[in-house]
Amino acid sequence: MRVRTATSALHPTVVLWTAVGLVGYALLPWYGLESNFFTLSWLLDGYPHDDDVAPALFLVLQGEKLWLAPLGPLLLAPLLLWGRRKSDPFFGNLLIVVGATGVAYFLLQGFGIGLRGFQWQWLTWLVGELDDRQFGMGWGALLVSGAFLFLFTLGLAARGAVAGDEFVVGSIGFVVAVVTIFIFMPIGQMLGSALLTQEGDYSLPIFLAKLSSDRLWNLGCLFGGPRCGVAWNSLFLAILVGVMTTALGLVFALVVTRTGFRYGALLRALTVLPIITPPFVIGLAIILLFGLSGAINLGFAELIGVSPTRWIYGLPGLLMAQVLAFTPIAFLVMIGVVEGISPSMEEAAQTLRANRWQTFITVSLPLMRPGLANAFLLGFIESMADFGNPLVLGGNFDVLSTEIFFAIVGAQYDQAQAAILALVLLFFTLGAFYAQRFWLGKKSYTTVSGKGDAGVHPLLPATFRNLVIAVAAVWTLFTLLIYATIFYGSFVKLWGVDFSLTFEHYVKAFSIGWNEFGVHWRGSAWSSFWTTMEIALISAPLTAAIGLLTAYLLVRQNFAGKDAFEFATMLSFAIPGTVIGVSYVIAFNVPPIELTGTGIILVLSFIFRNMPVGVRAGVASMSQIDRSLDESSLTLGANSWQTFRKVVLPLLRPAILAALVYSFVRAMTAISAIIFLVSAQYDMSTSYIVGRVENNEYGIAIAYSAVLIGVMLAVIGLMQLAVGSRMIGRRGLDGDLAQSRTNVSQSVVARPQPAISGGG
């Protein structure tokens, strides 16, 4: 019998990306106007002949923008592979050459030609003056660049990169490309100004003088001086916040999963309250309670017979506010890790006569190390990058994030100083990143395998259980007190002067009327509210998708440059939001990527600012899933995409929920980055609240915050229902693993089989 494998004349993936590129080149607008991205209005604006909305092919045929002409033949070059197999060396080599050449030429023409002709002097010397210009890239350019990128990665896979896996190589190429464009490029331009002087020249001595200044590194506070440098202040605060948030996150995770607590769902909701609130609102509530005229501060001072002080401003207030704000991040990371520990391992320890305390210390806690390390890292970086709390409560305790802000927006407007401060901050966060990797080492923390697990998690020892419940209860009461203050403040007519209750603030912000056209959103806050909801709901799933895909590549794949790849994905989290905002304005205010003033730049800033949370949550959860599940799926004939979608993702529900929740609420409450990116058309809720605070309209600001909290709680609940939960335990709790096996079997059955024909 002779076996014949059915093949197509041209590889289907080559056909796909060639078609995508040709559609972008011949049918879609090459340049991007604000109305081009989300509407079809360009079809009525002179398409396809008008220069503003014409595809590249029409521009070239009309004798315009002739530098776009070489892209057409490059897109047709893959047709030379007609009838060739993927194993043919010519197949991979041609795609690599076409993809690399296409990407390189696309970048050259995009960055080399701007609003005033050639951007680089050497092009003028080489070609002469260019009596033309081009604007930012649009849908056509996006599709063409994507086609070249994936043709290049397909060529690499054909030549054996990462075992020839098209999905994995393409995913690595995609993540590297977007991280380079939306993290490295803008931040690189921002940090590149560190050597600039006020006159616009480059000076290494001035750079070194600023870098070694006493303002940064003074240790006078250790020897009786008034204060330490801002670098040491930031480092000390970040370490304290990282340790305390990790401990509290673990406490709440243990209360929910290991104490028999019957109201776990309510406790989950309470723990995420601080993260869904604008930071400066929490700071305001803390001031109202513990400030010089705060209710608790005054009451305690009268009780012990002393005068009230301003103790809340500085390190105590900052530590309180940041721990309150960032503990939910640690909880969201830890809950998935604690739930993911296999009950059979803990039961095995008890079978060997270990008591509950010994089981927890020697088995459970060591298996939580990935979660503990990731929770500390996120708390540390969040503290370093926090801007809102230090602005409200910092007092004389200066930190790097606020110093960067004032260097940019202050009277000095010193970009070089801001870049130097950002470099110091980056050094600290990268140090924490590598310390975390050193602590985890290369040990395995796998507990979830393809075998069924019929165990249940043991309860904590009685004394320890009472302790964690007590700590959780105290912190929960403190959280409720903060939010009671916020809620009450939204109904106070004039805080500090007239405490009579009124609905006036809600009416001004969210009143609704009717006219001949239907519903009329009369309140002043509606415009920013709907814009914020739209931006957050768009960016949250995209953030989760890119973050979890990156985590899959980091945990499940081995490839050259993996450490650098992981560093790149964490870089945006290590930079203050103020720097992200300013760097985006600098990078995306001119061609080839012209996005300033649009909603797209807000979506992109949220995606790549919050992506590390999805990455770290995915890494922590995926570290516990046995590789044998992937290997079994691949052995049965499923490809990497099918394995990732049907086997790995169902077991990552806690990580998916963590990424969705965090990215959504950060998009709803972020301030430090978007304060530079909002526009009249795209105003965000936090910038609106800041405007009300600046106008001393505290009632409207707090009322708006209260509405946002309620809306975000509702959306988080819907996300929880949509994502579901992963349970690993007794009777019926192995459903995820069983479903994964079923999905693998179905994907194998559905996979096209080779054609077999008889013959002599």
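Residues numbered from 1 in each chain as written. Predicted model: local features only at pLDDT ≥ 70, side-chain atom pairs only at ≥ 80, totals over all residues. Heavy atoms only, no water.

## Observations regarding the overall build of the protein
Reasoning step 1: Each helix and strand counted, the protein has 32 helices and 8 strands in total.
Reasoning step 2: The 760 residues of the protein split such that 54% are buried.
Reasoning step 3: Within the protein, counting contacts between residues at least 6 apart in sequence, those at least 24 apart form 74% of the total.
Reasoning step 4: Taken as a whole, the protein presents about 33100 Å² of accessible surface, with 66% of it coming from carbon and sulfur. (Helix = DSSP H or I, 4+ residues; strand = E, 2+ residues; numbered from the N terminus. Buried < 20%, exposed > 50% of the residue type's maximum accessible area, 1.4 Å probe, protein only. Contact = heavy atoms within 4.5 Å. Areas by Shrake-Rupley, 256 points an atom, 1.4 Å probe, with all protein chains shown as cover.)

## Topic: the environment of Gly188
Reasoning step 1: Within the fold, Gly188 resides in helix H7 (residues 166-191).
Reasoning step 2: Taking C-alpha positions, Gly188 is 9.8 Å from Ala419, a pair spaced 231 residues apart along the chain.

## Concerning a nonpolar patch on the surface
Reasoning step 1: Together, Leu108, Trp120, Trp122, Trp125, Leu126 and Val127 give the surface a local cluster of nonpolar side chains, amounting to about 700 Å² of exposed area.
Reasoning step 2: When residues in the nonpolar patch are grouped by element, the largest group, 4 residues, is from helix H5 (residues 121-127).
Reasoning step 3: Following the sequence through the fold, Val127 ends up in helix H5. (Patch = residues over 30% accessible without salt bridge, like charges linked within 9 Å, V, L, I, M, F, W, Y side chains within 5 Å. Salt bridge = Lys/Arg side-chain N within 4 Å of Asp/Glu carboxyl O.)

## Thoughts on the packing of aromatic side chains
Reasoning step 1: Scanning the entire structure with this criterion turns up 31 aromatic pairs.
Reasoning step 2: Seen in terms of ring centroids, Phe167 and Tyr552 are 6.4 Å apart; in terms of plane orientation they differ by 45°. Their pairing is tilted. One end of the pair, Phe167, is in helix H7; the other, Tyr552, is in helix H23 (residues 526-556), with 385 residues separating them in the sequence. You'll find Phe167 and Tyr552 in the same group, each marked buried.
Reasoning step 3: Ring geometry for Phe510 versus Phe529: centroids 6.2 Å apart, planes at 90°, classification edge-to-face. Linking Phe510 in helix H22 (residues 504-510) with Phe529 in helix H23, this pair joins segments that are 19 residues apart in sequence. Accessibility classification places Phe510 together with Phe529 in one group, the buried group. (Phe/Tyr/Trp six-rings, centres within 6.5 Å; stacked < 30°, edge-to-face > 60°.)

## Description of the environment of Ala560
Reasoning step 1: Tracing the backbone shows Ala560 in the loop between H23 and helix H24 (562-571).
Reasoning step 2: The class of Ala560 is exposed, set by a relative accessible area of 79%.
Reasoning step 3: Along the backbone, Ala560 and Val162 are 398 residues apart, and their C-alpha atoms lie at a distance of 9.0 Å.

## Concerning the side chain of Lys65
Reasoning step 1: Within the secondary structure, Lys65 is located in the loop between helix H2 (56-61) and helix H3 (71-76).
Reasoning step 2: Those residues within four positions of Lys65 in sequence are excluded, and the remaining contacts are Tyr31, Asp51, Leu59, Val60, Asp132, Arg133 and Gln134.

## Some details on a negative patch on the surface
Reasoning step 1: A cluster of acidic residues, Asp45, Asp50, Asp51 and Asp52, forms a negative patch at the surface.
Reasoning step 2: Mapped onto the fold, Asp50 is located in the loop between helix H1 (12-26) and H2.
Reasoning step 3: Given a relative accessible area of 33%, Asp50 falls into the partly exposed group. (Lys, Arg positive; Asp, Glu negative; His and termini not counted. Charge placed at Lys NZ, Arg CZ, Asp CG, Glu CD.)

## Focus on the pattern of salt bridges
Should the charged atoms of two oppositely charged side chains come close, the side chains can pair.
Reasoning step 1: Summed over the entire model, instances satisfying the criterion amount to 8 salt bridges.
Reasoning step 2: For the salt bridge of Asp132 with Lys65, the shortest nitrogen-to-oxygen distance reads 3.5 Å. With Asp132 in the loop between H5 and helix H6 (139-158) and Lys65 in the loop between H2 and H3, the pair connects residues that are 67 residues apart, well separated along the chain.
Reasoning step 3: When its relative accessible area of 25% is taken as the criterion, Asp132 is described as partly exposed.
Reasoning step 4: Between Arg692 and Glu697 there is a salt bridge, with its nearest N and O atoms 2.7 Å apart.
Reasoning step 5: The network of salt bridges with shared partners includes Arg215, Asp398 and Glu403.

## Structural notes on the packing of H24 against helix H26 (residues 599-622)
Reasoning step 1: Orientation of H24 relative to H26, taken along the N-to-C sense of each, is 130°, at an axis distance of 7 Å. For the element pair H24 / H26, the angle class is oblique. Here Glu566, Thr569 and Met570 of H24 lie close against H26, whose contacting residues are Met611, Pro612, Val615 and Arg616.
Reasoning step 2: Counted by class, the contact of H24 with H26 contains 4 nonpolar, 1 polar and 2 charged residues. (Axes fitted to C-alpha atoms, helices over the stretch in contact; angles between N-to-C directions. Parallel < 35°, antiparallel > 145°, perpendicular 65-115°, else oblique. Nonpolar A, V, L, I, M, F, W, Y, C, P; charged D, E, K, R; others polar.)

## Topic: the packing of H7 against H26
Reasoning step 1: Between H7 and H26, whose axes approach to 10 Å, the crossing angle comes to 105°. As far as their axial angle goes, H26 and H7 are roughly perpendicular. Contacts between H7 and H26 involve Val178, Val179, Phe182 and Ile183 from the former and Leu604, Phe608 and Met611 from the latter.
Reasoning step 2: Grouping the amino acids of the contact of H7 with H26 by side-chain chemistry returns 7 nonpolar, no polar and no charged.

## So, the nonpolar core
Reasoning step 1: If you look at the biggest cluster of nonpolar residues, it comprises 184 residues, and the most contacted ones within it are Ile286, Met368, Ile482, Tyr584, Phe608 and Phe664.
Reasoning step 2: Ranked by residues supplied to this core, first place goes to helix H14 (residues 315-340) with 17 residues.
Reasoning step 3: Once you skip the residues sitting within four places of it in the chain, Tyr584 turns out to touch Phe182, Pro186, Asn589, Ile601, Leu604, Ser605, Phe608 and Leu677.
Reasoning step 4: Counting 31 residues, the second-largest nonpolar core is a separate cluster that includes Ala54, Leu94, Leu95 and Ile113. (Core = buried A, V, L, I, M, F, W, Y, C linked by side-chain atoms within 4.5 Å.)

## Observations concerning the confidence of the model for the protein
Reasoning step 1: Of the residues in the protein, 88% have a pLDDT of 70 or more, and the chain-wide mean is 81.
Reasoning step 2: Taken together, the stretch residues 1-7 has pLDDT below 50 and engages in 12 contacts with residues farther than four places along the chain or on a different chain.
Reasoning step 3: A low-confidence stretch, residues 727-760 stays under pLDDT 50, and its non-local contacts, those more than four residues away or across chains, total 63 contacts. (pLDDT = per-residue confidence, 0-100.)

## Overview of the pairing of strand E7 (residues 518-521)
Reasoning step 1: Pairing geometry for strand E6 (residues 512-515) and E7, over 4 bridges, is antiparallel. Bridge pairing in E7 places Ile512 opposite Trp521.
Reasoning step 2: Counting the residues in the hairpin turn of E6 and E7 gives 2 residues. (Pairing = 2+ DSSP bridges.)

## Quick word on the side chain of Asn233
Reasoning step 1: By the secondary structure assignment, Asn233 is in helix H10 (residues 230-258).
Reasoning step 2: In terms of polar contacts, Asn233 uses its side chain to reach the backbone carbonyl oxygen of Cys228, at 3.5 Å.
Reasoning step 3: Once residues within four sequence positions are removed from consideration, Asn233 is found in contact with Cys228, Phe397 and Asp398. (Polar contact = N/O pair within 3.5 Å; in protein donor to acceptor, adjacent residues only side chain to side chain.)

## Considering unusual backbone geometry
Reasoning step 1: In the segment running from Pro591 into Pro592, the intervening peptide bond is cis, with an omega of 10°.
Reasoning step 2: Note that Pro592 resides in the loop between helix H25 (577-587) and H26.
Reasoning step 3: In this structure, Ala163 is a non-glycine residue whose phi angle is positive, near 60°.
Reasoning step 4: Take Ala163: it is sitting in the loop between H6 and H7.

## Quick notes on the environment of Ala418
Reasoning step 1: As for its position among the elements, Ala418 is in helix H20 (residues 415-440).
Reasoning step 2: In sequence terms Ala418 and Met190 are 228 residues apart; their C-alpha atoms lie 8.8 Å from each other.
Reasoning step 3: What Ala418 contacts, discounting residues up to four positions off in sequence, is Met190, Ile404, Ala407 and Ile408.

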